[in-house]
Amino acid sequence: MGGGVSRSGPGERPGPAVVALGGGHGLYASLSALRRVTDRLTAVVTVADDGGSSGRLRRELGVLPPGDLRMALAALCGDDEWGQTWRDVVQHRFRSQGELHDHAVGNLLIVALWELLGEDAHGSTVAGLDWVGRLLGAQGRVLPMASVPMDIVAEVRGADPSRPDEVTRVKGQVACAKTPGTVLGISLVPTDPPASPEALAAVEEADWVVFGPGSWFTSVLPHLKVPELARALAATKARRAVALNLAPQPGETDDFSPQTHLEVLQAHAPELRVDVVLADRGVVDDPAALDKAVQDLGGRLVLADVAADDGSPRHDPARLAQAFVKIFRD
């Protein structure tokens, strides 16, 4: 069991069923907090990465990119010696002058299980992640948001600095994350990927769905561009919380205010209602403007101190957990 906030004990009601959506370091932050809050936690992870170790495995073997899935599993490791040792193992990257350079051990482990578990591509994907979760003692379940790998396509204004008003299309998660110019919106290729049935079931059965923090255009919004998943997120009885970032994402959301993030969310999913938006009080320059943007989404604003003390744009897991406890109880 993780430290910081006590979860349900003997005779107590179990924590809420929570589905956390995202990818990469942002989802790692939310899962590191949420595993301290509830025993019923599911991560639904983007599968559009095309860079680094994940991109190489995706191109060579035709599999889902495993990196964001691996990071989610690592975040769910417990704070005991077993959990922390296996967290370090799956996160370890080889350093060499050869083909193994920069491959993450956990990526290779996940893909090996996918190959060993048989012909049913989606079934082996989920089963493989469940097996890795059991090995790690993961305090929750990790699922892909879709059953096939996909590419993100961004509409970008000013990608070419010599033509600042021109809107062009940039394809690929890495390219979208690093593009100069202003990202206006995203779409997916394929446009109607099959959503993971297990992810749809988790959303339907959830008490809370949590969006963010994370790279807004490449980790958070892609879930809302999978049609089946977007419909499930709009229709679920669960309440919906949005955890905002502590700083703009370089190359994606430069100069975005907290309320701009919400306006972009609303533009990509106009049917989605939000119950709570959580923001760190230290990074909100205009609380009134943010509160209005939250009300436009149908929700209420919660300001809390959730940033780490070292001045970096990182959430402190224990503080973020305490904020979620209050939100879920209220």
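Up top you'll find the structure we're talking about.
First, a word on scope: everything that follows refers to the structure included in this document. (Residues numbered from 1 in each chain as written. Predicted model: local features only at pLDDT ≥ 70, side-chain atom pairs only at ≥ 80, totals over all residues. Heavy atoms only, no water.)

### Observations regarding the pattern of salt bridges
Thinking step 1. Applying the stated criterion to the full structure yields 14 salt bridges.
Thinking step 2. Measuring nitrogen to oxygen at the nearest pair gives 2.6 Å for the salt bridge that ties Arg314 to Asp310.
Thinking step 3. Here Asp330 ties to Lys326 by a salt bridge, and the two come within 2.9 Å at their closest N and O atoms. Neither Asp330 nor Lys326 differs from the other in exposure class; each is exposed. (Salt bridge = Lys/Arg side-chain N within 4 Å of Asp/Glu carboxyl O. Buried < 20%, exposed > 50% of the residue type's maximum accessible area, 1.4 Å probe, protein only.)

### Here's the deal with the sheet that holds strand β4 (residues 151–157)
Thinking step 1. Judged by pairing direction, the sheet is antiparallel, and its 3 strands sit side by side in the order β5-β4-β6 without closing on themselves. Looking at the sheet topology across the chains shown, the edges are occupied by β5 (167–171) and β6 (182–189). Averaged over all pairs of adjacent strands, the angle between strand axes in this sheet comes to 25 degrees, irrespective of strand direction.
Thinking step 2. Where β4 meets β5, 5 bridges bridge the pair, whose relative direction is antiparallel. Paired with Val156 across the two strands is Thr168, which belongs to β5. (Pairing = 2+ DSSP bridges. Helix = DSSP H or I, 4+ residues; strand = E, 2+ residues; numbered from the N terminus. Axes fitted to C-alpha atoms, helices over the stretch in contact; angles between N-to-C directions.)

### Some details on the packing of helix α1 (residues 24–34) against helix α13 (residues 317–329)
Thinking step 1. Running from amino to carboxyl end, α1 crosses α13 at an angle of 65 degrees, the nearest separation of the two axes being 8 Å. Taken together, the axes of α1 and α13 lie roughly perpendicular to each other. The element α1 and its partner α13 pack so that their crossing is right-handed. Contacts between α1 and α13 involve Ala29, Ser30, Ser32, Ala33 and Leu34 from the former and Pro317, Leu320, Ala321, Phe324 and Phe328 from the latter.
Thinking step 2. Its residues assigned to classes, the contact of α1 with α13 comprises 8 nonpolar, 2 polar and no charged. (Parallel < 35°, antiparallel > 145°, perpendicular 65-115°, else oblique. Left-handed = near helix turned anticlockwise from the far one by under 90°. Contact = heavy atoms within 4.5 Å. Nonpolar A, V, L, I, M, F, W, Y, C, P; charged D, E, K, R; others polar.)

### Looking at the packing of aromatic side chains
Thinking step 1. Counted by the stated rule, this structure contains 4 aromatic pairs.
Thinking step 2. Centroid distance Trp82 to Trp86: 6.2 Å. Interplanar angle 50 degrees. Geometry classified as tilted. Taken together, the residues Trp82 and Trp86, both in helix α4 (residues 81–91) and 4 residues apart, mark about one turn of the helix.
Thinking step 3. Measuring from ring centre to ring centre gives 6.1 Å for Phe217 and Phe256, while their planes differ by 75 degrees; the resulting arrangement is edge-to-face. (Phe/Tyr/Trp six-rings, centres within 6.5 Å; stacked < 30°, edge-to-face > 60°.)

### Some remarks on the nonpolar core
Thinking step 1. Counting 101 residues, the largest nonpolar core has Leu229 and Phe324 as its most contacted members.
Thinking step 2. With 7 residues, the single largest contributor to this core is α13. (Core = buried A, V, L, I, M, F, W, Y, C linked by side-chain atoms within 4.5 Å.)

### Structural notes on the packing of α1 against helix α3 (residues 67–75)
Thinking step 1. Across the interface, α1 lies against α3 with an axial gap of 8 Å and an inter-helix angle of 20 degrees. The angle between the axes of α1 and α3 places the two elements in the roughly parallel class. Seen from above, α1 lies across α3 with right-handed handedness. Contact residues: α1 offers Gly24, His25, Leu27, Tyr28, Leu31 and Ser32, while α3 offers Asp68, Met71, Ala72, Ala74 and Ala75.
Thinking step 2. Residue classes in the contact of α1 with α3 are distributed as 7 nonpolar, 3 polar and 1 charged.

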